[in-house]
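# Fold and contact review
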Amino acid sequence: MTSGPHFPYLRQSLRHFWPAALGAAPVLAAIAACLLSGMEPRNLDAITLAQTRAGADLAELPGRAGDAPLLNGAPLLPMDEARARNAAVPFYAGRIEPAARFRFTGSPVDLSRAVECLALAAMAEAGPSDPGQRAVIQVVLNRVRHPAFAKTVCGVVFEGAERRTGCQFTFTCDGSLERRYSDPAWIAARARAVEALNGAVYAPVGNATHYHTDWVFPWWSPKLVKLARVETHLFLRWPGYWGSKAAGNLPYRGGEPDIRPLLAGPDPLATDAALPQPDLPADTPAVTGGQVQMRDASGRANFVVIDAASSAEDAAAIARKLCKPDATCRVLGWGTRADVPAAFPLPPSARASLQFSFTRDPSGREIALYDCERFPGLPRESCIPKAR
């Protein structure tokens, strides 16, 4: 087994290495789209036209990488209702074809980095579960080979953590990067990662590119094809061509980013002094129980200070006041002005002191997480994970 750098705990903000999530579909996918639609790409013009159409099709997909809210977390929708809605969506009745074996063609350095990112995602998203970790790893590798997502393993795992409106994997933006994992946990997760990078396939989830827990009901979930359940997670793919095995066949090219300097050591941007904040847009709503410190021009990203006397319900009310009902929106809250960062990505000090995280998607679905020491009495699923 090739072992990468050992990260007993992860504290550093993620910067400087975010690959583009979306863009024009590659020529390979364009040609496949042509063939499936009956077109015959005899020349470059035909291929370019197919690329343009394929890119437009990608932009219309629900639950894209570029605008997806958190894939996991505690919703304000009651868990029983979310579970009932999930249960009402039938599983795919056809044969679930296993994903193709992953063909790793990168360098030894790429392998080391990919193993670390896969192992981290597996532990953070599935805990110690063997099938749970293998299912998460399979989804990550399915995404690496799909035109709609980043083209490296680490790029997929951390996709969206720097984005104002949300992240693909909750643990990269909800404070969970402060978690500590034991040496045996790392060894077991790395072993599963190495097996998958060497071609092992977790067949039950097929070509799934999405998943969520059964106690949340993302707006995009019923628009996708529900393939399988692994413990408390439901696994899904897009309908039609973009959910097919043919769509997810882009070759892996390596180029994994070096995350060692980003995930260890002191943050050079961290400071005990309050960072300067940009002026608020003129249309920033007035809120009760807190103060808005940062709001981008679109209103989709907001930093607030929550008054000491405010409750969890007050924090949620602030977020709803700031978020438009028909757009993705994110509100993050802290207890003091000095804790509020100037912008995304959040430095480690801001992640550690975060008291409230709220995301709303275009359908109105809401996900809220709280510092349960600051807001006691909430169910465990509503708590921002703390270092352990």
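Residues numbered from 1 in each chain as written. Predicted model: local features only at pLDDT ≥ 70, side-chain atom pairs only at ≥ 80, totals over all residues. Heavy atoms only, no water.

Between its first and last C-alpha atoms helix 5 (residues 130–144) spans 21 Å; for 15 residues at 1.5 Å apiece the expected length is 21 Å, and the two agree. With twelve of its 15 residues buried, helix 5 lies for the most part within the structure. Of all the positions in helix 5, only Gly-132, Gln-133, Ala-135, Val-136, Ile-137, Gln-138, Val-139, Val-140, Leu-141, Asn-142, Arg-143 and Val-144 are classed as buried. (Helix = DSSP H or I, 4+ residues; strand = E, 2+ residues; numbered from the N terminus. Expected span 1.5 Å × (residues − 1). Buried < 20%, exposed > 50% of the residue type's maximum accessible area, 1.4 Å probe, protein only.)

This part is about the side chain of Arg-237. Along the chain, Arg-237 turns up in strand 3 (residues 233–237). Comment: no salt bridge for buried Arg-237; closest opposite-charge side chain is Glu-97, at 8.5 Å. Sequence-distant contacts of Arg-237, that is, excluding residues within four places in its chain, are made with Tyr-92, Asn-207, Ala-208, Thr-209, Leu-224, Val-225, Leu-227 and Gly-243. (Lys, Arg positive; Asp, Glu negative; His and termini not counted. Salt bridge = Lys/Arg side-chain N within 4 Å of Asp/Glu carboxyl O. Contact = heavy atoms within 4.5 Å.)

Should pLDDT be low for a region, the predicted coordinates there are not to be read in detail. Confidence along the protein chain averages 74 in pLDDT terms, with 69% of residues attaining 70 or more. The secondary-structure element of the protein chain with the lowest mean pLDDT is helix 1 (residues 27–37), recorded at 37, while strand 2 (residues 225–230) shows the highest, at 96. Low pLDDT, under 50, characterises residues 1–53; the predicted model gives this stretch 121 contacts beyond four residues in sequence or across chains. For the stretch residues 67–76, pLDDT sits under 50, and the model shows 47 contacts to residues farther than four places along the chain or on other chains. (pLDDT = per-residue confidence, 0-100.)

Another point: the sheet that holds strand 6 (residues 329–334). In space, the five strands of this open sheet follow the order 4-5-6-7-8, with mixed pairing throughout. Unpaired on one side and paired on the other, strand 4 (290–295) and strand 8 (366–370) mark the two borders of the sheet. On average, each strand axis in the sheet is inclined to that of its neighbour by 15°, with strand direction left out of account. Here five bridges tie strand 7 (residues 356–360) to strand 8, and the two strands are oriented antiparallel to one another. Note that in strand 8 the partner of Ser-357 across the bridge is Leu-369. (Pairing = 2+ DSSP bridges. Axes fitted to C-alpha atoms, helices over the stretch in contact; angles between N-to-C directions.)

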